[in-house]
2 protein chains.
Amino acid sequence: MTARTLHLNAFLMGVGHHEAAWRHPRTEPSRVTDVRHYQQLARTAERGRLDSVFLADGLALWNNVRHNALAGLEPLTLLAALAAVTDHIGLIATVSTTYNEPFHVARKFASLDHISGGRAGWNIVTSAGEAEAHNFGVERPAHADRYSRAEEFLDVVTGLWDSWEDDAVVGDRAGGVYADTGRIHPIEHLGRHFRVRGPLNTSRPPQGHPLLVQAGSSEDGKEFAARHAEAVFTAQQTFAEARDFYTDLKGRLSRHGRRADELLVLPGISPIIGSTEREARDLAQELEELIIPAYGLTQLATLIGVELGEDALDRPLPDVPVETEGAQSRRKLVIDLARRDNLTVRQLLGRLAGGRGHRVVAGTPERIADEIQEWFTGGAADGFNVMPPLLPAGLDDFVDHVVPELQIRGLFRTEYEGRTLRENYGLARPASRFAAAPAVAGLVAAS
Amino acid sequence: MTARTLHLNAFLMGVGHHEAAWRHPRTEPSRVTDVRHYQQLARTAERGRLDSVFLADGLALWNNVRHNALAGLEPLTLLAALAAVTDHIGLIATVSTTYNEPFHVARKFASLDHISGGRAGWNIVTSAGEAEAHNFGVERPAHADRYSRAEEFLDVVTGLWDSWEDDAVVGDRAGGVYADTGRIHPIEHLGRHFRVRGPLNTSRPPQGHPLLVQAGSSEDGKEFAARHAEAVFTAQQTFAEARDFYTDLKGRLSRHGRRADELLVLPGISPIIGSTEREARDLAQELEELIIPAYGLTQLATLIGVELGEDALDRPLPDVPVETEGAQSRRKLVIDLARRDNLTVRQLLGRLAGGRGHRVVAGTPERIADEIQEWFTGGAADGFNVMPPLLPAGLDDFVDHVVPELQIRGLFRTEYEGRTLRENYGLARPASRFAAAPAVAGLVAAS
């Protein structure tokens, strides 16, 4: 194995990432709320020695459930049930900083980290959608406000994780001292958005901090990632764009006193796998034929903020007005894609159906491995966010056929390096911000 | 078996309910954050055919972690990990209505209910503590405000659970219709505390509504229970008090259009079990000798709102000023106990150490079964909230020795009646509030 190791995350979404997956004979749409489905996927990912599984999330019913098998389970709750049947796989949950309280989020991730023995990760999102705002009694907050709140939210959460030093639990039965309260600290946070006293009521997570993951690619998002994220999921259509993004993001780290290897960049890839190129193309074609244009148009409206009718399907994408809120980077990606390849709206829907703007690659396992290797060795990726078009079938195919190819090429592990998600991602365990305080002062304060 | 069946819940708390449990040689205090400990307890409860396990919770570090093995895991996260290793046992989590958003709570319980196949229950609390308020940037809300918010919170949550009718998921692959959106309803809630549009982004829970549990015994608490609760946990020291409470609460139901058997009353019992009376007394004595008076005084301050020093230990409980906020009913219980039995503060601490005001019974399995039978057949209880002094040992003893005695007497099941928590508690599955709407109107609305 080379010194640098590829990292692979399995992005689990219902019965597959392709929007027509639920209509394909190789899926069973009733399984979107079946815990055994997700447990099977997590075990498969672990069998393939993948680093982690990841669950996206939103706080409103996603458009349009009429035509897609959406509306699954809440990620943190589900991942705890996956922790119980796995030993190594990392467990990454999406949780919003806009509609939550930091105390709850700190506690739930600390709990998941304890339950999983150090395998929890948090994909930090700021919830751009209007429908989400309306489930919490507010209007959609401005982009900058969401990021300002996220910044402070993260400071409170990491402070709460640090509030118990690693050696706070003493367990001295004879002396009657369970915890050294001099090593458990109120955080006394007082900021623009939050006032939180602490300490947390759960001891320090095994990883110190559960892994911090981020996926926004706006300017605010990239700066947030450069300051805090340890893994970044990103949608990139071409090698050149991916390399530019990678270079840009890695270049920002030193300004925040961080090394380039303290953040992993994982572009999305939806692999449509066949034992021959023909078989892969046939599967792609089968899926394309199951697309429901009305659904695609709803999705497109979410991505670019413009609602088109079915009469627009066979014309080029019309001009799209500039919007300042919401998922700006994804909007740009979609418009660039349509313009670059001169696509009709129908063709654009087909290109987006596989991964909502993430890259789709159809081919043999060797071909998929070639693409992964090219991006990994060419400075465009530290690994990939794998988005199988069909679940569980597409993840089985990836683990059984692409992973062995990557292992043969020396690009991917054959055994886990460590026990925790951080260890497998090759990331350090953070010290508590309170650990520097001299123990004697702590003991005095406790009396 | 008699027509009326006893219901038993195992209240899981760290390494035991006795405050000195962590110092006893039969426990291992490091297990308070070990998921395998709780999984073992849940399996034991299931082996004993108990109805459910229950986790209490607070949103601040409980006093005083210096002298007790507290600070465990967040209940919903933990219960999902227990669901994964059990098949029948109900899973009841405490979640506050004061420091949460109803959308999150509805979604997490719906998810746990899906994950467990219909075994989720929600112990609704309103978080009286000042330390909790300070973790959420507010001052302690007044008692009446907490209950007014709880009332509206519950209406939103049940509305969200109802927002998908039972038959909303169609799964028509050929026709391209996954869900009949005419059977998925925005709730458009607009109230004093909340504005929530809905619908939920998780389909209807298997139980319709996860079981609603409540434990407040104040006037507001009893009225809330009479309107909404399906099971009530309560602290009662004597048979007469328990029968009065039972009669009072059951008598309130008809005013809300409910039958007496639509709510189960489960007083707490901490059984200190020995194979002889002498052995049980010895265990009680061992535990009493491990009590740390400084810890007991902190607990007493929490219960009655008055801080006493160690110099007060061997004198009677002084007069306690009337307080209007916080856990009023528990305060009255503690003061009554001290006055009735003419206890010194030290003796009072000993009586409270086993269950914080819940009843402690030391004796043989037959003696424990006698007490349970007397209260159950005498109109004081529908079952019990079992609080073992030591965990796991005390739950093993209860399941291996008390449960068979109850089964022999025909008081308790030998096999589960059903698959869901509601079925085992003998409670009906609620219909969706939207189900009355004619399907045709729904279909028109969806177009």
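For the structure itself, look to the data block above.
Attention in this report is confined to the structure presented alongside it.

About the thresholds
- Residues numbered from 1 in each chain as written.
- Chains lettered and ligands numbered in written order.
- Predicted model: local features only at pLDDT ≥ 70, side-chain atom pairs only at ≥ 80, totals over all residues.
- Heavy atoms only, no water.
- Helix = DSSP H or I, 4+ residues; strand = E, 2+ residues; numbered from the N terminus.
- Rg over C-alpha atoms; globule rule 2.2 N^0.38 Å.
- Buried < 20%, exposed > 50% of the residue type's maximum accessible area, 1.4 Å probe, protein only.
- Contact = heavy atoms within 4.5 Å.
- Areas by Shrake-Rupley, 256 points an atom, 1.4 Å probe, with all protein chains shown as cover.
- Least-squares fit on C-alpha atoms with pLDDT ≥ 70 in both.
- Expected span 1.5 Å × (residues − 1).
- Buried area = accessible area lost by both parts, 1.4 Å probe.
- Salt bridge = Lys/Arg side-chain N within 4 Å of Asp/Glu carboxyl O.
- Polar contact = N/O pair within 3.5 Å; in protein donor to acceptor, adjacent residues only side chain to side chain.
- Nonpolar A, V, L, I, M, F, W, Y, C, P; charged D, E, K, R; others polar.
- Arc of directions from axis to C-beta.
- Phe/Tyr/Trp six-rings, centres within 6.5 Å; stacked < 30°, edge-to-face > 60°.
- Lys NZ or Arg CZ within 6 Å of the ring centre and 35° of its normal.
- Axes fitted to C-alpha atoms, helices over the stretch in contact; angles between N-to-C directions.
- Parallel < 35°, antiparallel > 145°, perpendicular 65-115°, else oblique.
- Left-handed = near helix turned anticlockwise from the far one by under 90°.

Attention now goes to the overall build of chain A. Each helix and strand counted, chain A has 15 helices and 13 strands in total. Its C-alpha atoms give chain A a radius of gyration of 22 Å, near enough to 22 Å, the size a compact globule of 447 residues would have. Taken along the three principal axes of its C-alpha coordinates, chain A extends 75 × 50 × 45 Å. A total of 447 residues make up chain A; the buried ones form 63% of that total. Within chain A, contacts between residues separated by at least 24 positions form 78% of all contacts whose residues are at least 6 apart in sequence. Only carbon and sulfur atoms are counted for the fraction: they give 50% of the accessible area of chain A, which is about 16000 Å².

A cis geometry characterises the amide bond from Gly198(A) onward to Pro199(A), with omega recorded as 0°. In this fold, Pro199(A) is placed in the loop between β8 (195–196) and β9 (211–214). In this chain, Leu391(B) is followed by Pro392(B) through a cis amide linkage whose omega measures 5°. Looking at the element boundaries, Pro392(B) is found in the loop between β13 (383–386) and α13 (393–408).

With that settled, consider the relation of the copies chain B and chain A. With an RMSD of 0.0 Å, chain B superimposes on chain A once it is rotated by 180° and translated 0.0 Å along the axis. Put plainly, the chains are arranged around a two-fold axis. Relative to the rotation axis, the closest C-alpha in chain B is found at Ala81(B), a distance of 2.2 Å. A high fraction, 100%, of the interface residues of chain B reappear at the interface in chain A, so the copies pair face to face through one surface.

To continue, consider helix α10 (residues 328–340) of chain B. All names here are of chain B. Taking 1.5 Å per residue, 13 residues should reach 18 Å; α10 reaches 18 Å between its end C-alpha atoms and fits that length. Buried within α10 we find Arg331, Leu333, Val334, Ile335, Leu337 and Ala338. On its buried side, α10 packs onto α9 (293–304) and α11 (345–353).

A separate point is the interface of chain B and chain A. Taken together, the contact between chain B and chain A spans 74 residues of the former and 75 residues of the latter. For the pair chain B and chain A, the summed buried surface comes to about 5900 Å²; carbon and sulfur atoms form 56% of the total. Looking at the side of chain B facing chain A, the largest losses of area belong to Arg66(B), Arg173(B) and Tyr178(B), adding up to 14% of the total buried there. Counting every contact that joins chain B to chain A gives six salt bridges. Among the ionic pairs, Glu74(A) bridges to Lys108(B), the shortest N-O distance being 3.1 Å. Taken together, the connections running from chain B to chain A amount to 38 residue pairs in polar contact (both at pLDDT 80 or more). Those elements giving two or more residues to the side of chain B that touches chain A turn out to be α1 (35–47), α2 (75–83), α3 (102–116), β5 (169–172), β6 (177–179) and β8 (195–196) of chain B. With eight residues, the single largest contributor to the side of chain B that touches chain A is α3(B). Partitioning the side of chain B that touches chain A into residue classes produces 35 nonpolar, 25 polar and 14 charged.

The next subject is the side chain of Thr77(A). All names here are of chain A. Looking at the secondary structure, you find Thr77 in helix α2 (residues 75–83). The class for Thr77 is buried, based on a relative accessible area of 2%. Polar side-chain contacts of Thr77 include one of 2.5 Å to the side chain of Glu74.

Moving on: the pattern of salt bridges. When the charged atoms of two side chains lie near each other, side chains of opposite charge can form a pair. Applying the stated criterion to the full structure yields 90 salt bridges over all chains. Notably, a salt bridge pairs Glu405(A) with Arg409(A), separated by 2.9 Å at the nearest N-O pair. Note on Arg409(A): relative accessible area 24%, which makes it partly exposed. One salt bridge connects Arg252(B) with Glu219(B), and the closest N-O pair in it is separated by 2.9 Å. Remark: Glu219(B) occurs in helix α6 (residues 219–228) and Arg252(B) occurs in helix α7 (residues 239–253); sequence separation between them is 33 residues. Salt bridges here are not isolated pairs; linked through shared partners, they connect Glu151(A), Glu219(A), Lys222(A), Glu223(A), Arg227(A), Asp248(A), Arg252(A) and Arg255(A).

All names here are of chain A. For helix α8 (residues 277–289), spanning 13 residues, the distance from its first C-alpha to its last is 18 Å, which sits close to the expected 18 Å at 1.5 Å a residue. All buried positions along α8 are accounted for by Ala280, Leu283 and Leu287. Down the axis of α8, the smallest arc covering the buried residues is 60°, so these residues share one side. Of the exposed residues in α8, those oriented more than 90 degrees away from the buried face are Arg278, Arg281 and Glu289. The inward-facing, buried residues of α8 contact β11 (264–273) and β12 (359–363).

Here the distance between the centres and the angle between the planes together describe a pair of aromatic rings. All told, the structure shown has 24 aromatic pairs over all chains when counted by the stated rule. Plain terms: the ring middles of Phe153(A) and Phe194(A) are 5.5 Å apart, the flat faces sit at 85° to each other, and that makes the pair edge-to-face. One end of the pair, Phe153(A), is in helix α5 (residues 143–162); the other, Phe194(A), is in the loop between β7 (189–190) and β8, with 41 residues separating them in the sequence. Using a relative accessible area of 0% as the deciding quantity, one classes Phe153(A) as buried. Judged by its relative accessible area of 5%, Phe194(A) is buried. Taken together, a centroid distance of 6.1 Å and an interplanar angle of 50° make the contact between Trp375(B) and Phe384(B) tilted. A relative accessible area of 2% places Trp375(B) in the buried class. Judged by relative accessible area, which is 0%, Phe384(B) ranks as buried. Joined through ring pairs, the aromatic side chains of Phe109(A), Trp122(A), Phe153(A), Trp161(A) and Phe194(A) make up one cluster. Here the basic side chain of Arg4(A) rests over the ring of Phe376(A), its NZ or CZ set 3.9 Å away from the ring centre.

Moving on, we get to the packing of α10(B) against α11(B). Each pair of packed helices can be described by the angle between their axes along with the distance between the axes. All names here are of chain B. Where α10 meets α11, the closest approach of the two axes is 10 Å, and the angle between their N-to-C directions is 130°. One way to sum up the angle between α10 and α11 is to call them oblique. For α10 against α11, the interelement crossing comes out right-handed. Facing α10, whose interface residues are Val334, Leu337 and Ala338, α11 presents Leu348, Arg351 and Leu352. Here the residues of the contact of α10 with α11 are counted per class, giving five nonpolar, no polar and one charged.

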